Amino acid sequence: MRERIGGIMEENLKEAYKKLSTSDANEAQTRHEIIDKVLHGILAWPRALTKIEEYIAPGFSDYVLTKPNGDFLFFVEAKKAGKQFTLPFPHKLGETHCYMLIKTLLTDEVISSTMRQVREYCMDTGCEYAAITNGGEWIFFKCFEKGKRWDQLKAFVVRGPDFFIDDEIKARNAFSYIAITEHSSLSTYLASAPPRDRQVYVAKDRISAYSHPISSNRLATALRPIANRNFGVISDDQVELMDRCYVADRGFTQVLSGMRSIIKDSLTPYFEEYGVEQLDDTGKGGAIGGRLTKNIKNARGGEVLVLFGGKGSGKSTFIRRLLRHTPPKWLKDNSVSAVVDLLDVPEDKSKVYLEIWRRLVSDLDVDGVLSSPRDVLIRELFQDRFSTASKQELSGLPKAGELYNDRLNGLVAEWRRDHEYCAKRLALRSAEKGKGVIVVIDNTDQYTGEIQDFCFTTAQEIARSLSCVTIISMREERFHNSKIHGVLDAFQNSGFHLSSPKPSTVFLKRLEYTIEILRNPDRRGELTYITDPALIADCCTYLSIIADGIRTANSPLNSFLTACGHGDIRLTLDLFRSFLLSGYTNVQEMLDAGRWVFQIHQVIKPVMVPTRYFYDEQLSDIPNIFQARDSRLSSHFTSLRILRRLSKNIGSGSTEFVAMAELRAYFAEKFRMVSDFNLSLDLLLRHGFVEANNRLDFYHESVDRVRITNYGIYMLSELAFTFTYLDLVCIDVNYFDEEVCNSVTGLANEEYRLFSDRQRTDRVHVRLKRAEVFLKYLQKEEQREIEIFDLNIPDGESFGAKLSALFEEEKRRVIASAEKQKYGRRNGK
């Protein structure tokens, strides 16, 4: 005897049906005895979302499954148990279910009247799916489908209660609440056959010069070491750079034209639930600085503080500034800090553990006691072990004797190698001097989840054994996984969230600082070995022009870099360096003019393909939003449709986050491309176009709510519709039309020939023609999908209409710009 879901036993279901089918049972009894057990017990339909006896003249739809917002998902019409249904087709012995044409089912008078009655109501309410049942036999069917006669659709027929027992897995996969709402099973089991797989054609495979590299601009040799030093992560030895260029304002927001609200890099509702506190960087460490001071003043050790922040938000820089560069005076005078940076430590538990304790000892030994003479070392640090050894290993040996000294030397060396012991003694020594200990475990987010969790448990161990305050920096997505596994349960109220600084402020501070040093003959040697005054002057002019471009309101340079970095300052600086050094950046034109008004097409290419002639998504920091990602069923517009769907929730407070089940169900029911949706959402999460409420940056079943980010808005409103972006990504697209693919390939090869011949204006015309071919192909594909999927898109609001309108407008500007350019250098604008 097997126990069923919800406590229902198979014998109970069979016996109930047998009893009711031989008695004069009414619909209420049928519903209570059988259908309730199937729907709520086996299929787990929640009673709160299942309306009972929704009136349908002249009968009753006994069950209506609804969405959380009240929209109807599924009707079930119940009839008395027994032989009211006569399935009009013979079946194989032992068959529990089958597919049958609705036309065939309608030959039975009772089935026909019941199905038509339900269908009429479904047509009025817009509900696509329904079922009729007498408790044992069930007919699941779709009530309408565009382009198909209703009676030519197939219904899923269940011949008896054995189906829900013997084929329970299939029953649940098809009709359970989770299957219907989260996996859109009804579109799979009841819709007509999905479209056939389409042949895919790829242009890049037939472009002869596809991997051709592009050299850097003429100032790159002088600027590269400067860029690497001043436009990257601030190291411990860059004291002045930290003082001059650190950005304490962490209220990173961005407002894009035409949008209804501001999107902020701040706590998500998920983290607020766990008591994580938003950290305002006051220059003295904000709340975390106050917490450290309070704990040390009150001698409260043993606590772990978690510093959360997104990738590249500046957690490491914040910690170093707080504890090393400009600590608050009281902390500086009354604490000793150890910052253990794991950035270059291999992903191995034993190596991580040893390295944490080794570096901890190195930092805590502030006055070099471990390098002192043996007698001083014993007196100052190892007195406890020496006292024990005097009673044991050294007992009875003359202190002046060779054996005594050899044995003591060996013991001291052994004690020095015991990093955990040394760390404890150094912490105790600091405490005796009135100084508390602060330990930081930094850059754990480079590791996989298991190692990150191990680092956290090690941080707990350090806090307890050294009676110190330990800070560990973590990414928010790891917090979610650790909570699931219980690693962080005891520390849920000790978290602080650090937002990213404003990128334009970061750029400007560093540009102004760099220009100042380069213009000072006494100091420029700190940044470069270049002594040529003309070259130095050109570098300063170039950097000044870029700074002016960033200061300009609505600057395409600032908007593009800020959006693409999506709060990841480390990535934003990487993109900035790519732009600064790329051979596509119009250096000579800028220098000759002395000033420059940046156009968007002059910014996109140096950032998207800084060192290559043709775009390759795998090698670029900027993905192809038009890529059809699933190898079977996919669309060029899935990613944009996700962004557009999410953008409708902007400005709605906590509802900015959209339930994954709702989002997935929409795409599955409307487009029947679940795999393409999953792949596209994974790309959007990984690149920061959308964010999850638990901050996971990849697609996973634990992502339950998502919202659009500034980057997503920028892609949806601007970037995807620019000529240069279309021109670049059309090379790396999975086409469904061989002729279009051949045209793109031919035009790419022609463009490269003109590039080799330095025919700049002609090359721009070829690029425009190629982008236009791609644009018309996208319009054709979108129109095809509008018809197939019955999309209700008002005139002028389709992606194709927007692409066409903006392309024609930008085309004139690009041609005019190309004809002005008098430089035939091998750069690609």
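Preceding this paragraph is the structure being described.
The rules we used
Here the residue index of a chain counts from 1 through its sequence in written order. pLDDT decides what is reported in this predicted model: residues at 70 or higher carry local features, side-chain atom pairs at 80 or more are listed and counted, and totals for whole chains, interfaces and linings draw on all residues regardless. The side-chain quantities take in all heavy atoms of the structure and omit both hydrogens and water. Between rings of Phe, Tyr and Trp, where Trp is taken as its six-membered ring, a pair exists when centres lie within 6.5 Å; planes separated by under 30 degrees are stacked, by over 60 edge-to-face, and by other angles tilted. Going along the chain from the N terminus, every DSSP run of H or I of four or more residues is numbered as a helix, and every run of E of two or more is numbered as a strand. In this scheme, a residue with accessible area under 20% of its type's maximum is buried, one over 50% is exposed, and one in between is partly exposed, where area comes from a 1.4 Å probe on protein chains only. Put simply, a charge is over a ring when the Lys NZ or the Arg CZ is close to the ring centre, within 6 Å, and near the line of the ring normal, within 35 degrees. Two strands form a pair only when DSSP identifies at least two bridges running between them. It only takes one pair of heavy atoms within 4.5 Å for two residues to be counted as in contact. Under this scheme, a helix contributes an axis fitted over its contacting stretch, all axes are lines through C-alpha atoms, and angles between N-to-C directions fall in the 0 to 180 degree range. For salt bridges, the criterion is a side-chain nitrogen of Lys or Arg within 4 Å of an Asp or Glu carboxyl oxygen. Buried residues of nine kinds, namely Ala, Val, Leu, Ile, Met, Phe, Trp, Tyr and Cys, make up a nonpolar core once their side-chain atoms join them within 4.5 Å. Should an angle lie under 35 degrees it is considered roughly parallel, over 145 roughly antiparallel, and from 65 to 115 roughly perpendicular; all remaining angles are considered oblique. By convention, the crossing between two helices is left-handed when the near helix turns anticlockwise from the far helix through less than a right angle, and right-handed when the turn is clockwise. Amino acid classes used here: Ala, Val, Leu, Ile, Met, Phe, Trp, Tyr, Cys and Pro are nonpolar; Asp, Glu, Lys and Arg are charged; the rest, including Gly, are polar. An expected span of 1.5 Å times one less than the residue number is assigned to each helix.

**Q** Any chance you could break down the packing of aromatic side chains for me, citing the residues and the numbers?
**A** Taken as a whole and judged by the stated rule, the model has 39 aromatic pairs. Ring centres of phenylalanine 140 and phenylalanine 175 lie 3.7 Å apart, and the angle between their planes is 10°; on these two criteria the pair is classed as stacked. Taken as a pair, phenylalanine 140 in strand β6 (residues 138-142) and phenylalanine 175 in helix α6 (residues 168-175) lie far apart in primary sequence, 35 residues in all. Since its relative accessible area comes to 3%, phenylalanine 140 is described here as buried. With relative accessibility at 1%, the residue phenylalanine 175 sits in the buried group. Through successive ring pairs, a cluster of aromatic residues spans Trp45, Phe74, Tyr99, Trp138, Phe140, Phe156, Phe163, Phe164, Phe175 and Tyr189. Over the ring of phenylalanine 721 we find lysine 802, and its NZ or CZ is 4.3 Å from the ring centre.

**Q** Tell me what's going on with the sheet that holds strand β18 (residues 690-692), and back it up with residues and numbers.
**A** Strand order in the open sheet formed by three strands is β17-β19-β18, and the pairing between neighbours is antiparallel. Two strands in the sheet have a free side with no partner beyond their single neighbour: β17 (658-659) and β18. Strands β17, β18 and β19 (705-708) of the sheet are contacted by helix α28 (residues 638-647), whose axis makes an angle of about 90° with β19.

**Q** Describe the pattern of salt bridges, naming the residues involved and giving the relevant values.
**A** A full pass over the atoms with the stated rule returns 38 salt bridges. Here arginine 291 and glutamate 303 are joined by a salt bridge, their closest N and O atoms 2.5 Å apart. Taken together, the residues arginine 291 in helix α12 (residues 286-297) and glutamate 303 in strand β12 (residues 303-308) connect sequence positions 12 residues apart. A salt bridge links arginine 429 to glutamate 380; the nearest nitrogen and oxygen atoms lie 3.3 Å apart. With arginine 429 in helix α19 (residues 419-432) and glutamate 380 in helix α16 (residues 374-380), this pair connects stretches of sequence that are 49 residues apart.

**Q** Describe the nonpolar core, naming the residues involved and giving the relevant values.
**A** Of all hydrophobic cores here, the largest spans 152 residues; its most connected members are Ile546, Phe560, Phe626, Leu643, Tyr735 and Phe774. When residues in this core are grouped by element, the largest group, 10 residues, is from helix α23 (residues 533-551). Membership of the second largest hydrophobic core comes to 50 residues, among which are Val361, Leu408, Leu411 and Cys422.

**Q** Please provide a residue-by-residue account of the sheet that holds strand β11 (residues 277-279), values included.
**A** Strands sit in the order β11-β16-β12-β15-β14-β13 across an open sheet of six strands; the sheet is parallel. In this open sheet, the two edge strands, each paired with only one partner strand, are β11 and β13 (335-341). Each strand axis lies, on average, 25° off the axis of its neighbour in the sheet, ignoring direction. Sheet topology note: the β11/strand β16 (residues 495-498) ladder contains three bridges and is parallel. Across the sheet, the residue bridging to glutamate 277 is phenylalanine 496, located in β16. This element, helix α15 (residues 349-364), spans β13 and β14 (436-442) of the sheet and lies at about 145° to β13.

**Q** Lay out unusual backbone geometry in plain terms, naming residues and giving numbers.
**A** A positive phi angle is found at alanine 44, which is not glycine, with a value near 60°. On the secondary structure map, alanine 44 appears in the loop between α2 (27-42) and β1 (50-56). Assessed through its relative accessible area of 35%, alanine 44 is described here as partly exposed. Within the chain, serine 467 stands out as a residue other than glycine whose phi angle is a positive 50°. Looking at the secondary structure, you find serine 467 in the loop between α20 (449-466) and β15 (469-474).

**Q** Mind laying out the packing of α23 against helix α25 (residues 569-581), listing which residues take part and the relevant values?
**A** Interaxial distance between α23 and α25 falls to 12 Å at its minimum, and their mutual angle equals 130°. The pairing of α23 with α25 is recorded here as oblique in orientation. Crossing of α23 over α25 shows right-handed handedness. Within the contact between the two elements, α23 uses Tyr542, Leu543, Ile546 and Ile550 and α25 uses Phe576, Phe579 and Leu580. Here the residues of the contact of α23 with α25 sort into seven nonpolar, no polar and no charged.

**Q** Kindly report on the environment of histidine 566, identifying the contributing residues and their values.
**A** The residue histidine 566 is located in the loop between α24 (556-565) and α25 in this model. Here the alpha-carbon distance between histidine 566 and proline 503, two residues 63 residues apart in the chain, equals 9.5 Å. Once you skip the residues sitting within four places of it in the chain, histidine 566 turns out to touch Leu571, His687, Gly688 and Tyr711.

**Q** Quick one: what's the story with the pairing of β19, residue by residue and with numbers?
**A** Sheet topology places β17 next to β19; two bridges connect them, and they run antiparallel. Each bridged residue has a counterpart across the sheet, and for valine 658 the counterpart in β19 is valine 706. Sheet analysis places β18 next to β19, joined by three bridges and oriented antiparallel. Along β19, the bridge assignment pairs glutamate 691 with arginine 707.

**Q** Please give an account of helix α22 (residues 503-518) that cites residues and values.
**A** Here α22 spans 22 Å end to end across 16 residues, near enough to the 22 Å set by a 1.5 Å rise per residue. The buried count for α22 comes to 12 of 16 residues, which makes it a mostly enclosed element. The inward-facing, buried residues of α22 abut α9 (220-230), α10 (239-245), α23, α24 and α25.

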